[in-house]
Amino acid sequence: MRIRINEKQRLFAVSPMLYGVFFEDINYGGDGGLYGELLANRAFEYYGSDGLTDKHGMCWEPSCQTEFRTVCGEPDGAQRYSAVLRGTVRNTGFCGEGFAVRAGETFDFRMTADGSADAAVRIVGASDASLRAVLAEGHIAVNGRGEYTLSLTASVECKNAYLEICTDKEVTISFTSLFPRDTYMGRKNGMRKDIAEMIAALKPAFMRFPGGCVVEGRSFEDMYRWKDTIGPVERRRTNRNRWQMDEYYQAGGSAADYFQSYGLGFYEYFLFCEDIGAKPVPVINCGMTCQWHEGLTVELDELGRWVDDAADLVEFANGPATSEWGAKRAEMGHPEPFGLEYIGIGNEQWGREYFERYEVFERELKRRCPGIKLIVSAGWTDSGEEFELAMDWMKNNREGAYAADEHFYKSPEWFTDNISRYDSYDRSLPKVFIGEYAAHTDTDIPKRRCNWYAALSEAAFLTGAENNSDHVVMTCYAPLLAREGHWQWKPDLIWFDNDGVYGTPSYYVQQIFAWNRGDHAAAAKSDDPRIKLAASVTEDGSELILKAVNISSEDIETEIEADEVYASCEVTELRAEPEDENSMAEPHKVFPSVLPCVPGGRHRIAAYSVNIFRFKK
Ligand code: AHR
């Protein structure tokens, strides 16, 4: 078989934004995941489904003979609820699993408390009270209302440690927090380091956030409002996580404790984007709740506040420190602008009621925030009545939106059948942002696998995206994160537990595609339809990059012919058996290897493999 590359014929500039990530707080990906906070219900704001105040003690477990009750504070004050404690109470952590400690690791604890008492603060190492081993201990003399801090250094390692507070007299506690000192980039209120490093290692060009259906919420109360997520963390109002009420795939479990503390808020998202070198792509609520549920809408003539929120977000990100919202950013520690360029108006919305609302945002934002690129939703799928309606709307609105956000949760076969989907897309329509996609090996969520078969089909599909990246300008897999044993959605790109993290085969496809994006697309052809190709050259033309995905069960011998003569070559190969998966025990079962190869002549493209050749002059 021959592969012929005409790298001198530069077709178009490959979109520098082609490979990004999509972060949503689903599967405990935010609170209990990426966000470094280790205490669940740190401000006693979680509540049971009946909304009773006595449920505000969720995730706190008092020992016997302890007096522990939650009480209402000032309804509009910073801390709406508090806990009154005399005795010992333990925070059970996210999903009841506590948190992991390594020997010698330091944690920073703080609490807002009132009273007059001695408070022992401990990290304890076992769930059974009789076995409770103290791994670290410090003391706070509570003397009137104030904020109290201490650091704790663990003596030994433990996968499920818990924080315990023990007081000799009555104390009222309204806010607590425990962070590992060693967060990603050492940020205060920062991200869990190992998870953040996994995301950063994808070298994403952008990050879409904060969702997903989380943006929409299920009701007007839990719709996402970015303004609730900034300012001092202890003043941010906890909100129910929309995924709390979804089916939950854990034996006998429920996600009743799934809330958004908003400690990971818009400031932190922007900062994280900056830290990992990704452009921020926030998605804002367009005045609609999740259409998979009630799909409530804000009346068109009441959208003003929502539009103001969007315009204020641009000012928060980009405005001078002297502007109203720019000042809030500066006050939080970032006087320089964040350089926001894109905003998604609504998440996965469809139907006339969406486009009516989008148009209000577009009209206003074009005027108030010129230069910001607007992303319009193309709905939840690839075809059908709703997709056609979206496409018809785009045809009448070629100028307004920068890109249309398409979502594909489809079978692996759909991905391999749709490699040429964009070959014939009308280039005068808004550009394409594939804002959510993943190959689903089954329609039943628990049966879906994060296997090589799915990842290979995504790789093949991405060659089609790259070959059309004059128009398909951004792509990101979804969802990004999932906590082992506690998830609502599968497949996901990165899995973690208290002290481990691993990438699925799809993760490594994302990584090697993102690491090997050239600047200009080049023409490449194979005479075997089982091989899917994308070729590009670097800006200075010193390297030719060829992506070859063999979706068949047979090895294929190829002869690669290029315009130029190359001095050296290396190939990144990802290959596995279709059913292979990574896991905590075997995180690198499907893992890329980089091998030298001979630039001219024959190459074997293994069955079920992705190969990225880099030919160097
Ligand atoms: O990625 C999971 C969900 O899929 C997102 O929240 C939503 O946008 C889509 O339906």
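Residues numbered from 1 in each chain as written. Predicted model: local features only at pLDDT ≥ 70, side-chain atom pairs only at ≥ 80, totals over all residues. Heavy atoms only, no water.

(A) Highlighting the overall build of the protein. Looking only at helices and strands, one finds 11 helices and 30 strands in the protein. Its C-alpha atoms give the protein a radius of gyration of 26 Å, within 12% of the compact-globule value 25 Å for 617 residues. Considered along the principal axes of its C-alpha atoms, the protein spans approximately 80 × 55 × 45 Å. Within the protein, the fraction of its 617 residues that count as buried is 62%. Taking the contacts inside the protein whose residues are at least 6 apart along the sequence as the reference set, 76% of them involve residues at least 24 apart. Accessible area for the protein stands at about 23,100 Å²; split by element, carbon and sulfur atoms hold 47% of it. Of the charged side chains in the protein, 66 are positive and 98 negative; the average position of the first set lies 3 Å away from that of the second. (Helix = DSSP H or I, 4+ residues; strand = E, 2+ residues; numbered from the N terminus. Rg over C-alpha atoms; globule rule 2.2 N^0.38 Å. Buried < 20%, exposed > 50% of the residue type's maximum accessible area, 1.4 Å probe, protein only. Contact = heavy atoms within 4.5 Å. Areas by Shrake-Rupley, 256 points an atom, 1.4 Å probe, with all protein chains shown as cover. Lys, Arg positive; Asp, Glu negative; His and termini not counted. Charge placed at Lys NZ, Arg CZ, Asp CG, Glu CD.)

(B) The site of the ligand, seen in detail. In the neighbourhood of the ligand, the contacting residues comprise Glu24, Gly212, Cys213, Trp243, Trp292, Asn347, Glu348, Tyr409, Glu436, Pro479 and Trp489. Here an oxygen atom of the ligand sits 2.9 Å away from a polar atom, N or O, in the side chain of Asn347. Between the ligand and Glu348 there is a distance of 2.7 Å, counted from an oxygen atom to a side-chain nitrogen or oxygen. Here the ligand, which alone exposes 280 Å², has 97% of that area covered by the protein. Class assignment for the residues of the shell around the ligand results in six nonpolar, two polar and three charged. (Near = heavy atom within 4 Å. Polar contact = N/O pair within 3.5 Å; in protein donor to acceptor, adjacent residues only side chain to side chain. Nonpolar A, V, L, I, M, F, W, Y, C, P; charged D, E, K, R; others polar.)

(C) Highlighting the UniProt feature "domain: Alpha-L-arabinofuranosidase C-terminal" (unreviewed entry) in the protein. Under the feature "domain: Alpha-L-arabinofuranosidase C-terminal" (unreviewed entry), the UniProt entry names residues 435–609. Spanning residues 435–609, this segment combines 15% helix with 37% strand, and its end C-alpha atoms are found 25 Å apart. (UniProt positions renumbered as here; feature names shortened; annotations may be inferred.)

(D) Broad picture of the side chain of Arg329. Looking at the element boundaries, Arg329 is found in helix α6 (residues 324–331). Side-chain polar atoms of Arg329 contact the backbone oxygen of Ala317, separated by 3.3 Å.

(E) Expanded view of the domain arrangement of the protein. Domain annotation of the protein identifies domain 1 (2–14 + 519–616), domain 2 (21–35 + 186–515) and domain 3 (60–180). Each of domain 1 and domain 3 has a C-alpha centre, and the two are 54 Å apart. (Domains from an automatic or database assignment.)

(F) Main features of the pairing of strand β30 (residues 609–616). The buried count for β30 comes to seven of eight residues, which makes it a mostly enclosed element. Bridge analysis of strand β25 (residues 543–550) against β30 gives eight bridges, and the strand direction is antiparallel. Counterpart to Ile545 in the pairing with β30 is Arg614. Of the strand pairs in this sheet, strand β27 (residues 568–575) and β30 are connected by eight bridges, and their pairing is antiparallel. (Pairing = 2+ DSSP bridges.)

(G) Layout of the nonpolar core. With 139 residues, the main nonpolar core has Ile199, Ile345, Phe361, Phe513 and Val610 as its most contacted residues. Among the elements that make up this core, the one with the highest residue count is helix α10 (residues 452–467) (nine residues). Contacts of Val610, omitting those with residues within four sequence positions, involve Trp452, Leu456, Ala459, Ile512, Phe513, Ala548, Val549, Thr572, Glu573 and Leu574. Formed by 34 residues, the second largest nonpolar core is a distinct cluster that contains Tyr81, Tyr148, Leu152 and Ala154. (Core = buried A, V, L, I, M, F, W, Y, C linked by side-chain atoms within 4.5 Å.)

(H) Quick peek at the environment of Pro204. Relative to the helices and strands, Pro204 resides in the loop between α2 (193–200) and β11 (206–209). For the pair formed by Pro204 and Arg110, sequence separation is 94 residues and the distance between their alpha carbons is 34 Å. Beyond its immediate stretch of four places on either side in the chain, Pro204 contacts Tyr19, Gly20, Val21, Ile199, Ile276, Gly277 and Ala278.

(I) Spatial organisation of the packing of aromatic side chains. Under the counting rule described, the total for this entry stands at 48 aromatic pairs. When the ring of Phe209 is compared with that of Tyr269, the centres are 4.6 Å apart and the planes differ by 20 degrees; the resulting orientation is stacked. One end of the pair, Phe209, is in strand β11; the other, Tyr269, is in helix α4 (residues 266–276), and 60 residues separate them in sequence. Both residues of the pair, Phe209 and Tyr269, count as buried. Aromatic ring contacts, followed pair by pair, group Phe23, Phe209, Tyr224, Trp226, Tyr262, Phe266, Tyr267, Tyr269, Phe270, Phe316, Trp325 and Phe338 into a single cluster. Sitting above the plane of the Tyr162 ring, Arg90 keeps its charged end 4.4 Å from the centroid. Above the plane of the ring of Trp489 lies Arg448, whose end atom (NZ or CZ) is 5.9 Å from the centre. (Phe/Tyr/Trp six-rings, centres within 6.5 Å; stacked < 30°, edge-to-face > 60°. Lys NZ or Arg CZ within 6 Å of the ring centre and 35° of its normal.)

(J) Summary view of the environment of Asp194. When you line up the elements, Asp194 lands in helix α2. Residue classification places Asp194 among the partly exposed residues on the basis of a relative accessible area of 23%. When the C-alpha atoms of Asp194 and Ala521 are compared, they prove to be 34 Å apart, with 327 residues separating the residues in sequence.

(K) Main features of the sheet that holds strand β18 (residues 431–439). With parallel pairing, eight strands are arranged side by side in an open sheet as β2-β11-β14-β15-β16-β17-β18-β19. Because the sheet does not close on itself, it has two edges, and the strands there are β2 (21–22) and β19 (472–475). Pairing analysis gives three bridges linking strand β16 (residues 373–377) to strand β17 (residues 403–410), with the strands arranged parallel. Bridging from a neighbouring strand, Ile375 pairs with Ala403 of β17.

(L) Structural view of the pattern of salt bridges. A complete count under the given rule lists 50 salt bridges for this structure. Lys410 is paired through a salt bridge with Asp382; the nearest N and O atoms lie 2.9 Å apart. Highlighted residues: Lys410 in strand β17 and Asp382 in the loop between β16 and α8 (385–395), separated in sequence by 28 residues. Across the pair Asp470 and Arg427 runs a salt bridge whose closest N-O atoms are separated by 3.0 Å. You can see Asp470 sitting in the loop between α10 and β19 and its partner Arg427 sitting in the loop between α9 (412–417) and β18, a full 43 residues away along the chain. One salt-bridge network, held together by shared partners, links Arg2, Arg4, Glu561 and Asp563. (Salt bridge = Lys/Arg side-chain N within 4 Å of Asp/Glu carboxyl O.)

(M) Structural context of the packing of α4 against helix α5 (residues 304–318). For the pair α4 and α5, interaxial distance at closest approach is 11 Å and the crossing angle is 50 degrees. Considering their axes alone, α4 and α5 lie oblique with respect to each other. For the crossing formed where α4 meets α5, the hand is right-handed. Mapping the contact onto sequence places Phe266, Tyr267 and Phe270 in α4 and Leu313, Phe316 and Ala317 in α5. Its residues assigned to classes, the contact of α4 with α5 comprises six nonpolar, no polar and no charged. (Axes fitted to C-alpha atoms, helices over the stretch in contact; angles between N-to-C directions. Parallel < 35°, antiparallel > 145°, perpendicular 65-115°, else oblique. Left-handed = near helix turned anticlockwise from the far one by under 90°.)

(N) Fine view of the sheet that holds β30. Pairing within the open sheet is mixed, and its nine strands lie in the order β28-β27-β30-β25-β24-β23-β1-β26-β29. The two strands at the open ends of the sheet, each matched to only one other strand, are β28 (593–597) and β29 (602–605). Within the sheet, the average angular offset between the axes of one strand and its neighbour, ignoring direction, is 30 degrees. When β27 meets β28, the two strands line up antiparallel, connected through five bridges. Its bridge partner being in β28, Glu570 is matched across the sheet by Pro596. Its contacts with the sheet put α10 on β1 (2–13), β24 (531–537), β25, β27 and β30, and the angle it makes with β24 is roughly 50 degrees.

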